[in-house]
Amino acid sequence: MGAPVLIRLALQAMSFVGSAAAKAAFDAYRMEAARNTATGVAGVGRQARQMDRKQALEVLNVQPQVAGKLTAADHERIHENYTKFFEANAPDESGGPGGSPYLQGKVLAAYQTLEKEKK
């Protein structure tokens, strides 16, 4: 075998391996995206994962006035803290360093958990 044939075979092998790796990466991305949608991974615009009551109160920095029961004043504080923390973690629209979508998702999940009690 001559050198040009070996080079051509090597290039074909690299092309095949490269396309297989790209296909595997794309398939892995699609599967992860489908899993995230199905499980409701926390994030803005998605349904946030469930959070227990204790953690939700900690995230929103609220101490109930009456043990075991949230009062109207507690719900008002929950809404105020939710708004403040959610906006503080919003991405910066000017392109600079912004907030944290992860923390914003946690704040949303905490708010949704505590709002269920209100109903």
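Quick note: structure is the one above.
Please read these numbers as outputs of a predicted model, since none were measured by experiment.

What counts and how
- Residue positions within a chain follow its written sequence, with the count starting from 1.
- Since the coordinates come from a predicted model, pLDDT governs what is reported: local features require at least 70, and pairs of side-chain atoms require 80 or more to be given and counted, while whole-chain, interface and lining totals use all residues.
- Processing note: side-chain calculations cover all non-hydrogen atoms of the structure and skip hydrogens and water entirely.
- In this description a helix means any DSSP run of H or I spanning at least four residues, a strand means any run of E spanning at least two, and both kinds are numbered starting from the N terminus.
- Summary of the burial criterion: residues with accessible area below 20% of their type's maximum are buried, those above 50% are exposed, and those between are partly exposed, where the area comes from a 1.4 Å probe applied to protein chains only.
- Residues count as neighbours in contact if any of their non-hydrogen atoms are within 4.5 Å of one another.
- Accessible surface area values rest on a Shrake-Rupley calculation with a 1.4 Å probe, where residue burial reflects the displayed protein chains alone.
- Here the term patch refers to residues with relative accessible area over 30% and no salt bridge, with like charges joined within 9 Å and nonpolar side chains (Val, Leu, Ile, Met, Phe, Trp, Tyr) within 5 Å.
- Put simply, a salt bridge is a Lys or Arg side-chain nitrogen that is within 4 Å of an Asp or Glu carboxyl oxygen.
- In plain words, nonpolar cores are sets of buried Ala, Val, Leu, Ile, Met, Phe, Trp, Tyr and Cys residues tied together by side-chain atoms within 4.5 Å.

Undergrad: What should I look at first to understand the overall build of the protein chain in this one?
TA: Regarding its fold elements, the protein chain presents 4 helices and 0 strands. What you see in the protein chain, going N to C, is helices and strands ordered as α-α-α-α. Burial status across the protein chain gives 23% buried among its 119 residues. Residue pairs at least 24 apart in sequence account for 46% of intrachain contacts in the protein chain once pairs closer than 6 positions are excluded. When the accessible surface of the protein chain is split by element, carbon and sulfur atoms take 61% of a total near 8,500 Å².

Undergrad: I'm lost on the environment of lysine 54 in this one. Help?
TA: By the secondary structure assignment, lysine 54 is in helix α2 (residues 53-59). A sequence separation of 56 residues divides lysine 54 from alanine 110, and the C-alpha atoms of the two residues are 9.4 Å apart.

Undergrad: So what exactly am I meant to see when it comes to a nonpolar patch on the surface here?
TA: Side chains of Val5, Leu6 and Leu9 sit close together on the surface and give an oily, nonpolar patch of about 230 Å² of accessible area. Structurally, valine 5 can be placed in helix α1 (residues 3-39). When its relative accessible area of 30% is taken as the criterion, valine 5 is described as partly exposed.

Undergrad: Explain the nonpolar core to me, please; I cannot follow it from the model alone.
TA: Note on soluble globular proteins: their nonpolar side chains tend to be buried together. Ranked by internal contacts, the top residues of the largest apolar core, which has 15 residues, are Leu60, Ile78, Tyr82 and Leu114. Put simply, the parts of the chain that give this core at least two residues each are α2, α3 (72-88) and α4 (101-118). When residues in this core are grouped by element, the largest group, 6 residues, is from α4. Not counting chain neighbours up to four residues away, the residues in contact with tyrosine 82 comprise Leu60, Val107, Leu108 and Tyr111.

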